[in-house]
Amino acid sequence: GGHIGLACWPQDDSSSAGLIRKSMLAVRAAKWSKLPIVSYDANIDQYSESRLSLMGELLDAINNDELSLHYQPKIDLSSQTVVSMEALIRWHHPKHGLLSPDHFIDLAESTGIIQPLTQWVISTGISYCNTLRNQGHGLSIAVNVSVRNLLSETFADDVIATLKQHDFPAERLILEVIESAVIEDMNQTFLTLSMLKKYGIGLSLDDFGTGYSSLSYLKKLPFHELKIDRSFVTNMSHDKGDSVIVETTLTIAHQLGLRVVAEGIEDIATANVLKKLGCEVGQGYFWSKPLPELEFIDLLSKGKS
Ligand code: C2E
Ligand code: MG
Ligand code: MG
């Protein structure tokens, strides 16, 4: 998990203080871009400055009501009904407009902000899900959590307290673990996940097949669901390599007793192939993009759940 930043004398700076500052900026750029080594250049200064100000603003965004959740349906492939929804965060930035999570989740992760942010998402998501449940839609809700969240010793207790506060059934909450970093502390991660599982909360391994996710996590950690990354799913109906990967993943997951969700389904051909292969749940633009609250209710009332 290490990152290296380089600044060179004399071309980048001739003073020792300047060299240290610029090498630190290069380290930060390496962390943000997830590269092992980055050399300083003038663009990094500018990039770094705008990222730093975004990081400062993110802290206030929660309190200023600038964050919102969009919801994307998860479809049971055999009955073609909406069984769940995934909460996906958006930031309505006063200057930059609507920002997708790719612009700021890594910033939240590299600071402590990911903790209050995730708590906000869980509490907002389950309160919306409660509203839908009261209207007769028996859905569950999936929320993305970062590996950083799992390293916090209070995370499991905080989630359980939020469930109690909203009187929300634990088995209707699914936490999708996204691995933007190697799991550094397997013991704490295991402890947190085990506490959540023991309480009845569902655990899903997101973006399987990319990044740092590995088969050994499936063996060691108490997941009940695996989400095949959309980079393998979207083109699988005409890409032999992708379809072999998806099929093999389904076999492994099922033999381990896991439920499988395929994300990034964009056409009916892919939905049909996955159903035939025994994939339980699908998600993707074929049914719907992530929608704001009111539009999501519209979608449900049009009879798709
Ligand atoms: P994810 O959890 O894998 O979410 C699925 C992403 O794929 C979403 O992007 C969704 O809009 C997109 N997607 C869904 N169906 C399709 C499709 O058919 N085709 C294509 N091309 N894309 C599709 P989004 O909303 O931009 O989120 C990106 C990532 O940001 C998420 O990936 C998740 O890792 C992270 N994220 C989102 N919300 C949160 C959050 O509240 N907390 C944390 N920690 N991470 C979040
Ligand atoms: Mg997810
Ligand atoms: Mg995913």
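Residues numbered from 1 in each chain as written. Chains lettered and ligands numbered in written order. Predicted model: local features only at pLDDT ≥ 70, side-chain atom pairs only at ≥ 80, totals over all residues. Heavy atoms only, no water.

**Points about the pairing of strand E7 (residues 173–178)**
- Burial of E7 is extensive: six of the six residues sit out of reach of the surface.
- With burial as the criterion, each face of E7 is covered, one bearing Leu173, Leu175 and Val177 and the other bearing Ile174, Glu176 and Ile178.
- In this sheet, E7 lies alongside strand E6 (residues 140–146) in parallel orientation, the contact comprising six bridges. If you follow Val143 over to E7, its bridge partner there is Leu175.
- The pairing of E7 with strand E8 (residues 202–208) spans four bridges and is classified as parallel. Bridge assignment links Glu176 to a residue of E8, and that residue is Ser204. (Buried < 20%, exposed > 50% of the residue type's maximum accessible area, 1.4 Å probe, protein only. Helix = DSSP H or I, 4+ residues; strand = E, 2+ residues; numbered from the N terminus. Pairing = 2+ DSSP bridges.)

**Considerations on helix H2 (residues 42–63)**
- Compared with an ideal rise of 1.5 Å per residue, which puts 22 residues at 32 Å, H2 spans 34 Å between its outermost C-alpha atoms and is within 8% of the ideal.
- Along its length, H2 reaches its greatest deviation from straightness, about 30°, at Glu57.
- All of the buried residues in H2 are Ile44, Ser48, Arg51, Leu54, Met55, Leu58, Ala61 and Ile62.
- Two or three places before Asn43, at the start of H2, stands the capping residue Asp41, its side-chain oxygen 2.7 Å from that residue's backbone nitrogen.
- Backbone geometry just downstream of H2 places Asp65 in the positive-phi region, at approximately 65°. (Expected span 1.5 Å × (residues − 1). Bend = angle between axes of the 7 residues up to and from the residue. Polar contact = N/O pair within 3.5 Å; in protein donor to acceptor, adjacent residues only side chain to side chain.)

**Describing the site of ligand 1**
- Neighbouring residues of ligand 1: 22 residues in total, closest Arg90, Asp206, Arg230, Glu266 and Tyr285.
- Here an oxygen atom of ligand 1 sits 2.9 Å away from a polar atom, N or O, in the side chain of Asn144.
- Summarising the interface, the protein chains cover 89% of the accessible area of ligand 1, which totals 800 Å² for the free molecule.
- Elements that contribute at least two residues to the shell around ligand 1 include exactly strand E4 (81–93), helix H4 (114–134) and E8.
- Per-element tally for the shell around ligand 1: the top contributor is E4, with four residues.
- When the residues that make up the shell around ligand 1 are grouped by side-chain class, the tally is 10 nonpolar, four polar and eight charged. (Near = heavy atom within 4 Å. Areas by Shrake-Rupley, 256 points an atom, 1.4 Å probe, with all protein chains shown as cover. Nonpolar A, V, L, I, M, F, W, Y, C, P; charged D, E, K, R; others polar.)

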